[in-house]
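Commentary on secondary and tertiary structure
In case you want the letters, here they are:
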Amino acid sequence: MIKESDLQAEQASQRKVVPAGDYYMQELKAGQTLRILDLEGNQAADTLFYSAADPSERYSAMDTIREQGNVYLTAGTKLLSNLGREMLTITADTCGRHDTLGGACATESNTVRYSLDKKCMHACRDSWLLAVAENEQYGLTKRDITHNINFFMNVPITAAGGLTFEDGISGAGKYVEMRAEMDVIVLMSNCPQLNNPCNGYNPTPVEMLIWDAA
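Just so it is clear, the structure is predicted and the values come from calculations on it, not from any experiment.

**Concerning the overall build of the protein chain**
Each helix and strand counted, the protein chain has 3 helices and 12 strands in total. Put simply, the protein chain has 214 residues, and 52% of those count as buried. For the protein chain, contacts bridging at least 24 residues in sequence account for 77% of all contacts bridging at least 6. Element-wise, carbon and sulfur atoms account for 50% of the exposed surface of the protein chain, whose accessible area totals about 9500 Å².

Right, here's the structure in full:
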């Protein structure tokens, strides 16, 4: 569902451009709103959410999909934790839908999907592992890397129940916006994938914006 935001970028309390292949790790307080802005279009932002109070509580794809009865995320979606609690609510979305099934690229999946010589190509899982290693204050380890959301990514479900990776449906300037319902840790990898048509084989930056609670 397409829904525009009432928030103005110049009023954001925090703004950060994240290059393709880099990560973003930040605590988002309850009531704050986060926008992920696709600056040039068809980029994929692989994102994980954790409770800041107890990171063992984290975004659950299974609970979120079950409760909303839809495998895609969009405006109005409530992102649930593995304890069934509301973590964030998507309040605005100009892309229309976001993937929660396709997972994140890794050296192993690069090898399986593409070829052996792609194994050492940088991947989102590498970015997450680097993020938790460089930000020990959040208390996360590689064991905490779990199901993620692929914001802006186009992963249609086939008639046989399989998944395909298709050209992206986002565009320059499109965004998704969500309000934190609890204090959360945001861990985002701006996908560096060069083999996936979802980003047009051209990874580009995204911008992260935060507005404080009214």
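Right, picking up where we left off after that structure.
**Focus: the sheet that holds strand β12 (residues 206–211)**
If you trace the 6 strands from one edge of the open sheet to the other, you get β1-β12-β3-β10-β7-β6, paired in antiparallel fashion. Across the chains shown, the open sheet's two edge strands, defined by having one partner strand only, are β1 (14–18) and β6 (78–80). Along the sheet, successive strands turn relative to each other by an average axial angle of 20°, direction set aside. In terms of strand pairing, strand β3 (residues 33–38) meets strand β10 (residues 174–180) through 6 bridges, oriented antiparallel. Paired with T33 across the strands is R179, a residue of β10.

**Describing the pairing of β10**
Of all 7 residues making up β10, 5 are buried, and the element is well covered by its neighbours. Direction of pairing for strand β7 (residues 86–93) relative to β10: antiparallel, over a ladder of 5 bridges. Directly across from D93, in β10, lies its bridge partner V176.

**Observations concerning the packing of aromatic side chains**
On inspection of all chains with the given rule, the structure shows 0 aromatic pairs. Here the guanidinium or amino end of R97 rests over the ring plane of Y72, the centre of that ring lying 4.3 Å away.

**Re unusual backbone geometry**
A positive phi angle is found at N42, which is not glycine, with a value near 60°. In this fold, N42 is placed in the loop between β3 and β4 (45–51). Given the relative accessible area of 22%, N42 is considered partly exposed. For F152, which is not glycine, the phi dihedral falls at a positive 75°.

**Quick notes on helix α3 (residues 124–134)**
For α3, the set of buried residues is C124, S127, W128, A131 and V132. The buried residues of α3 occupy one face: seen down the axis, they fall within an arc of 130°. Where α3 is buried, its residues meet β2 (23–28), β4 and β11 (184–190).

**Description of helix α1 (residues 61–68)**
Three or more residues of α1 are buried, namely A61, D63, T64 and I65. Turning to α1, the residues buried within the fold contact β5 (72–73) and β6. After α1 finishes, the residue G69 shows a positive phi value of roughly 65°.

Conventions and cut-offs
- Residues numbered from 1 in each chain as written.
- Predicted model: local features only at pLDDT ≥ 70, side-chain atom pairs only at ≥ 80, totals over all residues.
- Heavy atoms only, no water.
- Helix = DSSP H or I, 4+ residues; strand = E, 2+ residues; numbered from the N terminus.
- Buried < 20%, exposed > 50% of the residue type's maximum accessible area, 1.4 Å probe, protein only.
- Contact = heavy atoms within 4.5 Å.
- Areas by Shrake-Rupley, 256 points an atom, 1.4 Å probe, with all protein chains shown as cover.
- Pairing = 2+ DSSP bridges.
- Axes fitted to C-alpha atoms, helices over the stretch in contact; angles between N-to-C directions.
- Phe/Tyr/Trp six-rings, centres within 6.5 Å; stacked < 30°, edge-to-face > 60°.
- Lys NZ or Arg CZ within 6 Å of the ring centre and 35° of its normal.
- Arc of directions from axis to C-beta.

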